[in-house]
Each structure stands twice: as structure tokens, then as C-alpha cells.
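# Tertiary structure, described
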Amino acid sequence: MLTDYKRRDRIGELLREKIALILLRKSRDPRLQQITITSVAISDDLRRAKVYYLTRGQEAEVPANQKALQKASGFIKQELAQEHILRVMPELIFQLDDSWRRGERVDSLLRQLGQESTPPDDSQGSS
């Protein structure tokens, strides 16, 4: 069971690298070249792969980039199939990676909590 988990991780990392290279070098759509693939999570049966990505540029461009990725998913699968990574190529599900936003929020909350729990400086008080 542990070896399956490691294999999935290795396959996910390999797919991440290959998809990133396909978008950067083989894609003709300039929107796709502005996308960074952050990770790939593969299901237990290796039939589905969630591809997490970030976009460089404006927040307003995110929906257009999502549509471009969905439109190019067949092309990406075809290019991946030529690499012979897996016998059956998984369905690619593209999902915006918002983990950095959650991390910033947690960091902000921790800073606020730290400021609230700091006792006032009472060194000039009674001795």
C-alpha cells in the first residue's frame, strides 16, 4: 500500500513537469504560457488527475485561462500519451490553486492573534 502512494506521487510530479513543458513550449495559445502548474493529485485508480495551477497576470484573466485550459485538455492528453507515462491517460481536471491565499489568511490571523496576546510593556511601572 505504501508503494502505491509513492508511485502516485511520482506519477503526479512527472505529469506536473510534462504538462508545464507542454504549456510552455508546445502551446500556441499565449494564455496557456502564462500558467504555472503547481501540483497534480492523482486518484487511487489513476483515472483522474486534478491539475492545480496559478496564473500570472490579473485576477480578471482567471476565467479566460480556465476556459483555455479546458479547451486544450485534449491536446495536452495527446501530448502526454506520446510520452508513454501511463497505459491509460487520466482525465485532466484543471483547478485554480488557491492554497497561497489560504496560507496568507492563516498567516494574517496568526499575526493578529500574536498582537492581541502580547502583554503591555510594564517596565516603567512600580518597582
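Above this text you will find the structure in question.
Residues numbered from 1 in each chain as written. Predicted model: local features only at pLDDT ≥ 70, side-chain atom pairs only at ≥ 80, totals over all residues. Heavy atoms only, no water.

A few words on the pairing of strand E2 (residues 48-55). Here E2 shows a buried face lined by Ala-49, Val-51, Tyr-53 and Thr-55 and an unburied face lined by Arg-48, Lys-50, Tyr-52 and Leu-54. Relative to E2, strand E1 (residues 35-42) is paired through seven bridges, and the arrangement is antiparallel. Each residue of the ladder has a partner; that of Val-40, found in E2, is Val-51. Linking two consecutive strands that pair antiparallel, namely E1 and E2, is a turn of five residues; a positive phi of about 60 degrees is found at Leu-46 within it. Where E2 meets strand E3 (residues 91-96), six bridges bridge the pair, whose relative direction is parallel. Its bridge partner lying in E3, Val-51 is registered against Phe-94. (Buried < 20%, exposed > 50% of the residue type's maximum accessible area, 1.4 Å probe, protein only. Helix = DSSP H or I, 4+ residues; strand = E, 2+ residues; numbered from the N terminus. Pairing = 2+ DSSP bridges.)

Together, Val-106, Leu-110 and Leu-113 line one region of the surface with nonpolar side chains, adding up to about 290 Å² of accessible area. Among the secondary structure elements, Leu-110 is positioned in helix H3 (residues 99-117). Residue Leu-110 is classed as exposed on the basis of its relative accessible area, which comes to 53%. (Patch = residues over 30% accessible without salt bridge, like charges linked within 9 Å, V, L, I, M, F, W, Y side chains within 5 Å. Areas by Shrake-Rupley, 256 points an atom, 1.4 Å probe, with all protein chains shown as cover. Salt bridge = Lys/Arg side-chain N within 4 Å of Asp/Glu carboxyl O.)

Spatially, three strands are ordered E1-E2-E3 in an open sheet, and the strand pairing comes out mixed. Only two strands of the sheet have a single neighbouring strand rather than two, namely E1 and E3. For this sheet, the mean angle separating the axes of adjacent strands, direction not counted, is 30 degrees. Across the sheet, helix H2 (residues 62-82) touches E1, E2 and E3, and the angle it forms with E3 is around 155 degrees. (Axes fitted to C-alpha atoms, helices over the stretch in contact; angles between N-to-C directions. Contact = heavy atoms within 4.5 Å.)

Glancing now at the nonpolar core. In this structure, Leu-15, Ile-19, Leu-23, Ile-37, Ile-76, Leu-80 and Leu-92 are the most contacted members of the largest nonpolar core, which totals 24 residues. Breaking this core down by element, the ones donating at least two residues are helix H1 (2-26), E1, E2, H2 and E3. When neighbours within four sequence positions are excluded, Ile-19 is seen to be in contact with Ile-37, Val-51, Ile-76, Leu-80 and Leu-92. (Core = buried A, V, L, I, M, F, W, Y, C linked by side-chain atoms within 4.5 Å.)

On to the environment of Ile-37, then. Take Ile-37: it is sitting in strand E1. Ignoring anything within four residues of it in the chain, the contact list for Ile-37 reads Arg-16, Ile-19, Ala-20, Leu-23, Val-51, Tyr-52 and Tyr-53.

Let us now look at the environment of Leu-23. Relative to the helices and strands, Leu-23 resides in helix H1. Taking the relative accessible area as the measure of exposure, Leu-23 reaches 2% and is therefore buried. In this structure, the C-alpha to C-alpha distance between Leu-23 and Ile-35, residues twelve residues apart in sequence, is 7.7 Å.

Before going further, it helps to spend a moment on unusual backbone geometry. Negative phi values dominate among residues other than glycine, just as trans dominates among peptide bonds. Even without a glycine there, the phi angle at Leu-46 is positive, about 60 degrees. Along the polypeptide, Leu-46 turns up in the loop between E1 and E2.

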